[in-house]
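Overview (structure and organization)
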Amino acid sequence: MAGSFKSNKQVFLFNPDFYRQVDFLTALDDANIDARHPQINGTFAVKERTRTTRYDCNDVDIIEERIDSEFARKQFQFAGTAEQIAGWLALSYGAVAAPTGTPQNTQITLSSTGTVTSGTFLATFEFEGLTGQTEPISVTATAAQVATALNLIRSIKNGGTVVGVSGTIADDNLILSFEGRFANAAVPNLTIDNTAVVGGGTVTSTRTQVGTNKVHSGTRAVSDVLPYTSFIEGFIGDSTNPIKWYGFAVDVIIIEAQKGGDLLCTVELIGKSDTIEAVGYSIPACINPTSINTKDCRISVNSSFVAAGLSSFRFERRNNIVTSAEAFAFDSIELETNERGDKPTETLSFSYQGSRGDATYTSADAESSVPVLIYLGKPTERVTISAPTTNLKLGSPPVSFDGALRKSIVNIVGQPYYNSGLSASSAFEANIARTAAFLVTEP
Amino acid sequence: MSEATTKIVLQHVGKSLATGRDLEPPEFVIDGNTTIQLPSAEEQKTGFSLETNEETLRVARLFPTMFKQVVKKDGSGVNIFPLTHIPTTDETGKEEQEDTNSSEGV
């Protein structure tokens, strides 16, 4: 076997297009495994074997440990991009639709109704649980001046950018474009306070173009046969050839975040134990990922955002791939199939600054089933996990204390239930720039 | 009319899970290790059937928020059932149906 744990750095190479193998036994081409995957805690793929121990004729001493079956398991953890997380979710869920949609920014047009002679107005922008209001803006302000005022408010700054495109309110065509972290995202209309407008008329705001990105929809496969992938492992500076593993399906995916850090994704794969030496393979250069920060994640519970007070969350999805005897051929120790178990499982949990009596606490105390949406990343490049019938329960303990200020943290556990609208308990959607579908076979 | 000729019809009504907004019809869907090619966007919007009912139902089960199941009934137009509903013999009217092909009348 090539490679070793010397003083060399282990690297994990993957297919950034997230192609699937044409079948279980046909590995992806080396040429398509052409990117280094970010990894924080990675393990070299390991073979897991079951053995029968045979004893001597006195039934005292071991004379043989015969291998009955073997497969390989690979686990790694990374802080990555929305596209990378979407790719691993696609392999985990097993079913996707080809992407649709044409990227465009949200545009809002300010105009006047009635007579507006002078004075000022206030614009309020409420987005995903955060609300901000501008300082007074003159009704004669230019588009750039209106944009400047908007860019100072909390619900827009921190990466959001409003660009004043053109026009004036008097001409009913002052156009604003939402960019930065709002690029290609659907953002809501502005709310206008006309109290200080002079002349009897009002300034009105209209969303004249709804932002959208490419939409990749993913859901749980109807088929028990999951999509398979291949990867290469090697060591920087090692003169031996890297090795390629194939026939791997995602068994476990965990997405978790703590306030103030990066979103972490843990993936566990199960596949064939035999490997292919990647002769002549050249390890690609390292590319630093732009990972998702926790502050760009949101949770919506029963249509209300747990925004500023969100402390942590964790979503775990297990295919429970069958690795018992029935996955192996009668006459071989090799993994014969790599299929999802009969009962895939999902759980989620989250903590937020709150107290007994708030809406989420009350729902959990009553063990209500409510829709939960988990948003991963900025609106411009994000993955959304939807669990429309999530049964909430209070965690253990229900309330704890957090940080130096010892604020109360409510701990919630959620169990996604089957939802007839999804034909599953959850699904995901990626709103990202990527135009190619996930899980297609190699061209 | 034999049971095998009753075609199940789907119509694209694509709704985004995250935003609830309309989505355009996809070119194909992938289920595990199978790619299911779909007809043109226009056909998806008016109604379509795939080669087998099994394949059609597979698409409906995968993306029930994207596709609505439409079932022709003898002579009286169509019945529209809930997204995950699998029609019974009585509902499809397949015993009497003369032409159950494709999206006619949808």
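Quantities reported herein were computed from a predicted structural model and do not represent experimental measurements.

**Here we look at the overall build of chain B**
- In terms of helices and strands, chain B carries 3 helices and 5 strands.
- Each helix and strand of chain B, ordered N terminal to C terminal, gives the series β-β-β-α-α-β-β-α.
- For chain B, the residues scored as buried account for 42% of the 106 residues in total.
- In chain B, once contacts between residues fewer than 6 apart in sequence are set aside, the share between residues at least 24 apart is 54%.

**Topic: helix α1 (residues 82-93) of chain A**
Residues and elements named next belong to chain A.
- For α1, built from 12 residues, the straight-helix expectation of 16 Å at 1.5 Å per residue is met to within 8% by its first-to-last C-alpha distance of 16 Å.
- Counting buried positions along α1 yields 11 of 12 residues, so the element is predominantly enclosed.
- Within α1, the full set of buried residues consists of Ala-82, Gln-84, Ile-85, Ala-86, Gly-87, Trp-88, Leu-89, Ala-90, Leu-91, Ser-92 and Tyr-93.
- Of the residues one or two after α1, Gly-94 is the one with positive phi, at around 95°.

**Some points on the interface of chain A and chain B**
- Taken together, the contacts link 37 residues of chain A with 25 residues of chain B.
- Buried area between chain A and chain B, summed over both chains or domains, comes out near 2300 Å², and the portion from carbon and sulfur atoms is 62%.
- On inspection of chain A and its partner chain B, the count reaches 0 salt bridges.
- There are 8 residue pairs in polar contact (both at pLDDT 80 or more) connecting chain A and chain B.
- Elements that contribute at least two residues to the side of chain A that touches chain B include exactly β6 (94-97), β16 (214-220), β25 (369-376), β26 (382-402) and β28 (427-432) of chain A.
- At 5 residues, β16 of chain A tops the list of elements feeding residues into the side of chain A that touches chain B.
- Across the side of chain A that touches chain B, the residue classes break down as 21 nonpolar, 13 polar and 3 charged.
- Alignment of β6 of chain A against strand β2 (residues 28-31) of chain B, held across 3 bridges, turns out to be antiparallel. The residue bridging Ala-97 of chain A from the neighbouring strand is Val-29 of chain B, located in β2 of chain B.

**A short note on the nonpolar core**
Residue and element names in this part refer to chain A.
- Counting 62 residues, the largest nonpolar core has Trp-88, Ile-255, Phe-313, Phe-350 and Leu-376 as the members making the most contacts within it.
- Other than its neighbours up to four places away in sequence, Trp-88 contacts Phe-12, Phe-14, Phe-18, His-37, Phe-76, Phe-78, Thr-229, Val-250, Ile-253, Val-267 and Leu-269.
- Grouped together as the second largest cluster of nonpolar side chains are 27 residues, Phe-121, Val-146, Leu-190 and Val-197 included.

**Details of the pairing of strand β5 (residues 62-78) of chain A**
Residues and elements named next belong to chain A.
- Across 2 bridges, strand β3 (residues 41-42) lies against β5 in antiparallel orientation. Directly across from Asn-41, in β5, lies its bridge partner Gln-77.
- Bridge count between strand β4 (residues 46-55) and β5: 10 bridges; the pairing is antiparallel. The residue of β5 that forms the bridge with Lys-47 is Ala-72.
- Where β4 hands over to β5, the hairpin turn is made up of 6 residues, of which Asp-59 adopts a positive phi near 60°.
- By the bridge criterion, 7 bridges tie β5 to strand β19 (residues 264-271) in an arrangement that is antiparallel. Opposite Lys-74, over in β19, you have Leu-269 as the bridge partner.

**Overview of the pairing of strand β18 (residues 243-258) of chain A**
Residues and elements named next belong to chain A.
- With 14 of its 16 residues buried, β18 lies for the most part within the structure.
- For strand β17 (residues 229-235) and β18, the ladder comprises 4 bridges, and the chain directions are antiparallel. Following the sheet pairing, Glu-233 is matched in β18 by Ile-243.
- Here 2 bridges tie β18 to strand β20 (residues 276-277), and the two strands are oriented antiparallel to one another. By the bridge assignment, Lys-244 is partnered in β20 with Ile-276.
- Taking the residues between adjacent antiparallel strands as the criterion, β18 and β19 are bridged by 5 residues, where Gly-260 takes a positive phi near 95°.
- With 7 bridges connecting them, β18 and strand β23 (residues 310-318) associate as antiparallel partners.

**A few points about the environment of Leu-439 of chain A**
- Mapping Leu-439 of chain A onto the fold places it in the segment after β28.
- Assessed through its relative accessible area of 0%, Leu-439 of chain A is described here as buried.
- For Leu-439 of chain A and Ser-217 of chain A, which are 222 residues apart along the polypeptide, the C-alpha to C-alpha distance reads 12 Å.
- Setting aside residues no more than four positions away along its own chain, Leu-439 of chain A makes contact with Phe-18, Arg-20, Ala-90, Leu-91, Gly-94, Ala-95, Val-96 and Pro-227 of chain A together with Ile-30 of chain B.

**Looking at the side chain of Arg-317 of chain A**
All names here are of chain A.
- Structurally, Arg-317 is set in strand β23.
- Within the structure, the side chain of Arg-317 is placed 3.2 Å from the side chain of Asn-319, a separation counted as a polar contact.
- Sequence-distant contacts of Arg-317, that is, excluding residues within four places in its chain, are made with Ser-92, Tyr-93, Arg-220, Asp-251, Val-252, Ile-253, Thr-345 and Glu-346.

**Details of the packing of aromatic side chains**
All names here are of chain A.
- Tallied over the full model, the rule gives 21 aromatic pairs over all chains.
- Aromatic pair Phe-24 and Tyr-228: ring centres 4.9 Å apart, planes at 50°, arrangement tilted. One end of the pair, Phe-24, is in the loop between β1 (10-14) and β2 (35-36); the other, Tyr-228, is in the loop between β16 and β17, and 204 residues separate them in sequence.
- With a relative accessible area of 10%, Phe-24 lands in the buried category.
- With a relative accessible area of 5%, Tyr-228 lands in the buried category.
- With centroids separated by 5.3 Å and ring planes inclined at 40°, the aromatic side chains of Tyr-93 and Phe-428 adopt a geometry described as tilted. Here Phe-428 lies in strand β28 and Tyr-93 lies in helix α1, a separation of 335 residues in the sequence.
- In this structure an aromatic cluster arises from ring pairing among Phe-12, Phe-14, Phe-18, Phe-44, Phe-76, Phe-78, Trp-88, Phe-231, Phe-235, Trp-245, Phe-248 and Phe-438.
- For Lys-74, the ring lying beneath its charged end belongs to Phe-12, and the centroid distance is 4.4 Å.

Thresholds, definitions, all that
Residues numbered from 1 in each chain as written. Chains lettered and ligands numbered in written order. Predicted model: local features only at pLDDT ≥ 70, side-chain atom pairs only at ≥ 80, totals over all residues. Heavy atoms only, no water. Helix = DSSP H or I, 4+ residues; strand = E, 2+ residues; numbered from the N terminus. Buried < 20%, exposed > 50% of the residue type's maximum accessible area, 1.4 Å probe, protein only. Contact = heavy atoms within 4.5 Å. Expected span 1.5 Å × (residues − 1). Buried area = accessible area lost by both parts, 1.4 Å probe. Salt bridge = Lys/Arg side-chain N within 4 Å of Asp/Glu carboxyl O. Polar contact = N/O pair within 3.5 Å; in protein donor to acceptor, adjacent residues only side chain to side chain. Nonpolar A, V, L, I, M, F, W, Y, C, P; charged D, E, K, R; others polar. Pairing = 2+ DSSP bridges. Core = buried A, V, L, I, M, F, W, Y, C linked by side-chain atoms within 4.5 Å. Phe/Tyr/Trp six-rings, centres within 6.5 Å; stacked < 30°, edge-to-face > 60°. Lys NZ or Arg CZ within 6 Å of the ring centre and 35° of its normal.

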